[in-house]
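Here are the chains, one letter per residue:
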Amino acid sequence: MKTEMYRFETKHFQIIASIVPDTDLDLSWDEDGETRAKLESGEYEAFGTVVDVFCNSAKVGSDSLWGSIYVNPREFFDGHRDADPLNRNSSIMRDARGQNVCICHYFPDMIRQAIREARETLDDMPALRKRD
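Residues numbered from 1 in each chain as written. Predicted model: local features only at pLDDT ≥ 70, side-chain atom pairs only at ≥ 80, totals over all residues. Heavy atoms only, no water.

Help me out: how do you make sense of the overall build of the protein chain in this one?
Per the secondary structure count, the protein chain includes 4 helices and 4 strands. When the helices and strands of the protein chain are placed in sequence order, the string is β-β-α-β-β-α-α-α. Looking at the 132 residues of the protein chain, the share that counts as buried comes to 30%. If you take every contact in the protein chain between residues at least 6 apart in sequence, the share linking residues at least 24 apart comes to 53%. Roughly 9,400 Å² of accessible area belongs to the protein chain as shown, and the carbon and sulfur atoms make up 48% of that amount. (Helix = DSSP H or I, 4+ residues; strand = E, 2+ residues; numbered from the N terminus. Buried < 20%, exposed > 50% of the residue type's maximum accessible area, 1.4 Å probe, protein only. Contact = heavy atoms within 4.5 Å. Areas by Shrake-Rupley, 256 points an atom, 1.4 Å probe, with all protein chains shown as cover.)

Set out below in structure tokens:
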């Protein structure tokens, strides 16, 4: 079952991010079984995220990431906007942790990648002219 988590629209474009349950996880790193137990109890949720870019309803770009595990999937989409500036890429965080430190938030990068693919797709398409 696909669950839409994010949508941005303009006149001709839509960016839609959805999650899909991920049941094919590699939990070999879960040595004590805590993560598996929390997944089985429902405390954690495992999912894949798919970002699609549409131009006039035709899919022109996409990106996906699988194997995410969160208490609440919303955290994946909102983490880069954390209220605490030490938990996001900000000048305050860099002053505290060093100028070369970068906090990895996958979702904004997924949006950028899907848009990059959409631009490449559209660049490869012949120009469409309005017909009288």
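Looking at this model, I keep getting lost on the pairing of strand β4 (residues 58-70). Mind explaining?
For a regular strand, side chains alternate in direction, first toward one face of the sheet and then toward the other. Alignment of strand β3 (residues 45-55) against β4, held across 10 bridges, turns out to be antiparallel. What sits directly across from Glu45, in β4, is Tyr70. A loop of 2 residues connects β3 with β4, the two strands running antiparallel in sequence, and Asn56 in this loop sits at a positive phi of about 50 degrees. (Pairing = 2+ DSSP bridges.)

Help me understand the side chain of Asp52, please; the structure alone is not making it clear to me.
Within the fold, Asp52 resides in strand β3. A polar contact is formed between the side chain of Asp52 and the side chain of Ser62, at a distance of 2.9 Å. Residues within four places of Asp52 in sequence aside, it is in contact with Lys2, Gln14, Ile15, Ile16, Lys59, Gly61 and Ser62. (Polar contact = N/O pair within 3.5 Å; in protein donor to acceptor, adjacent residues only side chain to side chain.)

Honestly, helix α4 (residues 106-123) in this entry has me stumped. Any pointers?
Think of an α-helix as 3.6 residues a turn; residues three or four steps apart then line up on the same face. Between its first and last C-alpha, α4 extends 26 Å over 18 residues, near the 26 Å set by a 1.5 Å rise per residue. Taken as a whole, α4 has its buried residues at Phe107, Pro108, Met110, Ile111, Ala114 and Ala118. Taken around the axis of α4, the buried residues stretch over an arc of 155 degrees, which confines them to a single face. Within α4, the exposed residues directed more than 90 degrees away from the buried face are Arg119 and Asp123. If you follow the buried residues of α4, they end up packed against β1 (3-9), β2 (13-21), β3, β4 and α2 (74-78). (Expected span 1.5 Å × (residues − 1). Arc of directions from axis to C-beta.)

What should I look at first to understand the nonpolar core in this one?
One recurring pattern in soluble globular proteins: nonpolar side chains tend to sit buried together. Judged by nonpolar contacts, the single largest core of 16 residues is most densely connected at Val51, Val53, Phe76, Phe77 and Phe107. Elements supplying a minimum of two residues to this core: β2, β3, α2 and α4. Considering each element in turn, this core owes the most residues, 5 residues, to α4. Setting aside chain neighbours within four positions, we find Val51 in contact with Ile15, Ile16, Ala17, Gly61, Ser62, Asp63, Phe107, Met110, Ile111 and Ala114. (Core = buried A, V, L, I, M, F, W, Y, C linked by side-chain atoms within 4.5 Å.)

Would you mind showing me how to read unusual backbone geometry here?
Negative phi characterises most residues that are not glycine, and trans characterises most peptide bonds. Phi at Asn56 takes a positive value of approximately 50 degrees, unusual for a residue other than glycine. Looking at the element boundaries, Asn56 is found in the loop between β3 and β4. For Asn56, a relative accessible area of 48% puts it in the partly exposed group. One non-glycine residue, Ser57, lies in positive phi territory at about 75 degrees. Mapped onto the fold, Ser57 is located in the loop between β3 and β4. Given a relative accessible area of 66%, Ser57 falls into the exposed group.

For this particular structure, what's the right way to read the packing of aromatic side chains?
For any pair of aromatic rings, geometry is given as the distance between the ring centres together with the angle between the planes. Under the counting rule described, the total for this entry stands at 7 aromatic pairs. Centre to centre, the rings of Tyr6 and Phe107 are 5.2 Å apart; their planes meet at 75 degrees, and the pair counts as edge-to-face. Placement of Tyr6 in strand β1 and of Phe107 in helix α4 is noted, with a sequence separation of 101 residues between them. Of the aromatic side chains, those joined through ring pairs into one cluster are Tyr6, Phe47, Tyr70, Phe76, Phe77 and Phe107. (Phe/Tyr/Trp six-rings, centres within 6.5 Å; stacked < 30°, edge-to-face > 60°.)

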